[in-house]
Amino acid sequence: MSNLDGLGYRGATCVVTGGASGMGEAVARILGDLGAKVHVVDIQAPKVPCESFHQCDLSDFAQVRATAEALKAATSDRGAPIQFLFPCAGLPPMIKGALYCMRVNYIGTRLFVESLLPVLADGAGIALISSDAAMGWQKNLAQSLDMLSLSDPDDAYAWCEADPENRVRDGYTTSKEMLVVWTQHAAVKLGLERRIRLNAIGPCPTRTAFMDAQETALPDGFLDKWPYPSLGRMATAEDQAWPLVLLNSPLNAAITGTFLYTDQGFASGVFTGAIDPAFMGGSKLD
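Cut-offs used in this document
Residues numbered from 1 in each chain as written. Predicted model: local features only at pLDDT ≥ 70, side-chain atom pairs only at ≥ 80, totals over all residues. Heavy atoms only, no water. Helix = DSSP H or I, 4+ residues; strand = E, 2+ residues; numbered from the N terminus. Expected span 1.5 Å × (residues − 1). Buried < 20%, exposed > 50% of the residue type's maximum accessible area, 1.4 Å probe, protein only. Phe/Tyr/Trp six-rings, centres within 6.5 Å; stacked < 30°, edge-to-face > 60°. Lys NZ or Arg CZ within 6 Å of the ring centre and 35° of its normal. Salt bridge = Lys/Arg side-chain N within 4 Å of Asp/Glu carboxyl O. Axes fitted to C-alpha atoms, helices over the stretch in contact; angles between N-to-C directions. Parallel < 35°, antiparallel > 145°, perpendicular 65-115°, else oblique. Left-handed = near helix turned anticlockwise from the far one by under 90°. Contact = heavy atoms within 4.5 Å. Nonpolar A, V, L, I, M, F, W, Y, C, P; charged D, E, K, R; others polar.

### Side note on helix 1 (residues 22–33)
With 12 residues, helix 1 extends 17 Å between its outermost C-alpha atoms, agreeing within 8% with the 16 Å of an ideal straight helix rising 1.5 Å per residue. Those residues of helix 1 that fall on the buried side of the exposure criterion are Met-23, Gly-24, Glu-25, Ala-26, Val-27, Ala-28, Ile-30 and Leu-31. Just beyond helix 1, the residue with positive phi is Gly-35, at close to 90 degrees.

### Some words on the packing of aromatic side chains
With the rule as written, the count across this model stands at six aromatic pairs. Arranged with centres 6.3 Å apart and planes meeting at 40 degrees, the rings of Tyr-9 and Phe-86 form a pair that is tilted. With Tyr-9 in the segment before strand 1 (13–17) and Phe-86 in strand 4 (residues 82–87), this pair connects stretches of sequence that are 77 residues apart. In terms of burial, Tyr-9 and Phe-86 fall into one category: buried. One aromatic cluster in this structure is built from Tyr-9, Phe-84 and Phe-86. The ring of Phe-61 carries Arg-103 above its face, with NZ or CZ at 4.0 Å from the centroid.

### Quick look at the pattern of salt bridges
A complete count under the given rule lists nine salt bridges for this structure. Ionic pairing is found between Arg-29 and Glu-25, a salt bridge with its closest N-O pair at 3.9 Å. Of the two residues, Arg-29 and Glu-25 are both situated in helix 1; the distance of four residues between them amounts to about one turn of the helix. Taking the shortest distance from any N to any O, the salt bridge between Arg-110 and Glu-114 comes out at 2.9 Å. Separated by four residues within a single helix, Arg-110 and Glu-114 lie in helix 3 (residues 98–116), roughly one turn from each other. According to the relative accessible area criterion, Glu-114 is partly exposed, its value standing at 31%. One connected set of salt bridges, linked through shared partners, spans Glu-25, Arg-29 and Lys-47.

### Some details on the packing of helix 3 against helix 5 (residues 153–162)
A pair of packed helices is captured by two measures, namely the crossing angle of their axes and the spacing between those axes. One can describe the packing of helix 3 onto helix 5 by two numbers: an axis separation of 10 Å at closest approach and a directional angle of 155 degrees. When the axes of helix 3 and helix 5 are compared, the pair comes out roughly antiparallel. Crossing geometry of helix 3 relative to helix 5 is assigned as right-handed. Contacts between helix 3 and helix 5 involve Leu-99, Met-102, Arg-103, Ile-107 and Leu-111 from the first element and Pro-153, Ala-156, Tyr-157, Cys-160 and Glu-161 from the second. Taken together, the residues of the contact of helix 3 with helix 5 break down into eight nonpolar, no polar and two charged.

This is a description of form; function is not addressed.
And the structure:
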């Protein structure tokens, strides 16, 4: 790899959730190549070299808090606050259902980030993975803001359990919409108080183990019909990891509260009529 020290990662302390597979693994590998000190949080052990590994199931809120405390200790011992946080962990609803999907993708992820805020450096960067499945987030904003106001994870989960059909729906789309709304809302306060930046990317279908699991629930030929204007193929984990790493770089000091579509132009094509979403049966836009 060419010298990319200007991105600001050499010697920096970084934390990656979901760093054992898929996009998270690609992010952890790239950060290591850029000279960062990478701490991985995942339910399974990573294959990439890292400073430390912390096993954590984001659906277990006590475990999330304990992992955050362990990371505080691990980073403070080295006298280095966390400079970059990459929440990459996520799963589809067919693993354990819609409520579990919401519990991991949004509630547990938010709790993890907020639990680590005390040891994030002022001016730190947070870049997470949402999805272009969240492209309809505006039409559900009122309900999303209701959930956003529930900062206690148990309260948020109880709110979901009270009306899962309307508040959780498929679990995946709604949790990714919540990440978008939280990113855009929380970025203001984080920036004003500590100059911490918070951004999200919205990938298109990407060839990972996550997609392998999700593909079993899709209609035959669904992904073959998907338009891939910029690559002409399904994206790889590395195709998505680089935008996340670049977005979180301090070179992008003026960018925060942004939802960046990394979907080969799919969302913008649908918004402008250049892409007809009829092949999807309306599933992502309902």
